[in-house]
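Descriptive structure summary
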Amino acid sequence: MRNSEYDENRMILVCNDDGIFSPGIRALAEVAKEFGQITIIAPDRQQSAVGHSITVSDPLRVTPFQINSKMEGQAVNGTPADCIKLGHDKLMKRKPDLVLSGINHGSNAGINIIYSGTVSAATEATILGYPAIAVSCTEFSESADLIGAQDATRRAIRYALRNGLPAGITLNVNAPAGPLKGMKWARQANSRYVEEFEGRIDPHNKPYFWITGRLEILDEGEDLDLNVLKKGYATITPIQYDLTAHEFYRNQAGDLED
Ligand code: MN
């Protein structure tokens, strides 16, 4: 039985950054299958926090991957952005109508957006001209209940299909673990990490450092993604890869005099 939202002529590309073996990509693919045909192309290993990095000095290899009895995918020995670029250029006979990335295990709200491989897969799809949505669950554990994140994904997909997305705009969705309490439009909180590294000593008596820390919000407002999430709601944030500081730029003109 297919619901009325299913369209066999719709091709949905599914990617992530936690790797093709992660529970989150299965949860996302299940939702994607309600809306159309799916192609799964994802990194063959954990690629969290690689941002928008691409592979330029090594060959990319693609391996068929059996996800479960109902799904198969293609595992790429590269980054999330590599997966989207390779899918677009070589692996997909039929170009996608929609690209989904996630469900990431861990929040991609606030400044996490800029480090995120999950978001970058979606951003790369936007660059290539495809409507794209990144989805993350704020709970880091791979055993987190993704049912709310799946519902938030459905809402975001419906929004994108009904309204379309303007060129250059990616949707970034975050959801707490567990059932969906509600979902709100939110803006990226200006934030940063503090106390980032823990120093330890290895068995050879050499010091090493392990990244850690907590997110500090440098911003105020009930509509900040991090604040909306704290209240238990899922968030949807329109983001863009155009990094020009437009407001600043508007106040400048012509030549920069010495
Ligand atoms: Mn990740």
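As a reminder, the structure under discussion sits directly above these lines.
Residues numbered from 1 in each chain as written. Predicted model: local features only at pLDDT ≥ 70, side-chain atom pairs only at ≥ 80, totals over all residues. Heavy atoms only, no water.

**Considering the packing of aromatic side chains**
Selection criterion: Two rings from Phe, Tyr or Trp (for Trp, the six-membered ring) form a pair when their centres sit within 6.5 Å of each other. Planes less than 30 degrees apart are called stacked, planes more than 60 degrees apart edge-to-face, and all others tilted. The helix count covers DSSP runs of H or I at least four residues long, the strand count covers runs of E at least two residues long, and both are numbered beginning at the N terminus. Under the scheme applied here, a residue whose accessible area is under 20% of the maximum for its type counts as buried, over 50% as exposed, and between as partly exposed, the area being computed with a 1.4 Å probe on protein chains only. Any Lys NZ or Arg CZ found within 6 Å of a ring centre and within 35 degrees of that ring's normal is scored as a charge over the ring.
Enumeration according to the criterion identifies one aromatic pair in this entry. The interplanar angle of 75 degrees and the centroid separation of 5.1 Å between the aromatic rings of Tyr159 and Trp185 together place this pair among those described as edge-to-face. Residue Tyr159 is found in helix 5 (residues 147–163), and its partner Trp185 is found in strand 8 (residues 183–185); the two are separated by 26 residues along the sequence. Under the relative-accessibility criterion, Tyr159 is labelled partly exposed at 32%. Judged by relative accessible area, Trp185 falls into the partly exposed class, the value being 44%. We note Lys181 situated over the ring of Tyr233; from NZ or CZ to the ring centre the distance is 4.7 Å. Its guanidinium or amino end placed over the ring of Tyr233, Lys184 lies 4.3 Å from that ring's centre, counting from NZ or CZ.

**Examining the coordination of the manganese ion**
Selection rule: Only N, O and S atoms count as donors, using a 2.8 Å cut-off from the metal and 3.2 Å for Na, K and Ca, and because water is excluded some sites may appear unfinished.
Those donors, Asp17 (OD), Asp18 (OD), Ser48 (OG) and Asn104 (OD1), are the protein atoms that reach the manganese ion, and they lie 2.1 to 2.2 Å from it. Sequence spacing of the donor residues for the manganese ion, all on one chain, is D-D-x29-S-x55-N. Side by side, Asp17 and Asp18 carry an identical accessibility label, which is buried.

**Things to note about the nonpolar core**
Our working definition: Nonpolar core, defined: a set of buried Ala, Val, Leu, Ile, Met, Phe, Trp, Tyr and Cys residues in which side-chain atoms within 4.5 Å join the residues together. Any two residues whose heavy atoms approach within 4.5 Å are treated as being in contact.
Ile40, Leu100, Ile103, Ile133 and Val173 are the most contacted members of the largest nonpolar core, which has 35 residues in total. With six residues, helix 1 (residues 23–33) is the largest single contributor of residues to this core. Apart from the residues within four sequence positions on either side, Ile40 is in contact with Val14, Ile20, Ile25, Ala29, Ile67, Met71, Glu72, Gly73 and Gln74. Core analysis: the next-biggest nonpolar cluster, separate from the first, contains 19 residues, Leu13, Ile84, Ala122 and Ala132 among them.

**Remarks on the environment of Asp255**
Mapping Asp255 onto the fold places it in the segment after helix 7 (246–250). As for Asp255 and Ala160, which are separated by 95 residues in sequence, their C-alpha atoms are 41 Å apart.

**What to know about the packing of helix 1 against helix 5**
Here is the rule we go by: Helix axes are fitted only over the stretch in contact, all axes being lines through C-alpha atoms; the angle between N-to-C directions runs from 0 to 180 degrees. We call two directions roughly parallel when the angle between them is under 35 degrees, roughly antiparallel when it is over 145, roughly perpendicular when it lies between 65 and 115, and oblique otherwise. Handedness of a crossing is defined here by the sense of rotation of the near helix relative to the far one, left-handed for an anticlockwise turn of less than a right angle and right-handed for a clockwise turn. Three residue categories are used. Nonpolar comprises Ala, Val, Leu, Ile, Met, Phe, Trp, Tyr, Cys and Pro, charged comprises Asp, Glu, Lys and Arg, and polar comprises the others, including Gly.
Between helix 1 and helix 5, whose axes approach to 10 Å, the crossing angle comes to 40 degrees. One finds that helix 1 runs oblique with respect to helix 5. Once helix 1 is placed against helix 5, the crossing between them reads as right-handed. Each of Ala27, Leu28, Glu30 and Val31 in helix 1 lies in contact with helix 5, whose residues at this interface are Gln150, Thr153, Arg154 and Ile157. Among the residues making up the contact of helix 1 with helix 5, the classes are represented as four nonpolar, two polar and two charged.

**Thoughts on the sheet that holds strand 13 (residues 234–240)**
This is how it is decided: Two strands pair under a simple rule: DSSP has to find at least two bridges between them.
What the nine strands build is an open sheet, ordered 3-4-2-1-5-6-7-13-8; its pairing is mixed. Looking at the sheet topology across the chains shown, the edges are occupied by strand 3 (62–68) and strand 8. Each strand of the sheet is rotated relative to its neighbour by a mean of 25 degrees, with strand direction disregarded. Pairing geometry for strand 2 (residues 36–43) and strand 4 (residues 71–76), over four bridges, is parallel. Looking at the pairing, Ile41 lines up with Gln74 of strand 4. Strands in contact with helix 2 (residues 80–91) are strand 1 (7–15), strand 2, strand 3, strand 4 and strand 5 (98–105); relative to strand 2, the strand with the most contacts, it is inclined by about 130 degrees.

Read these as spatial facts, not as claims about activity.
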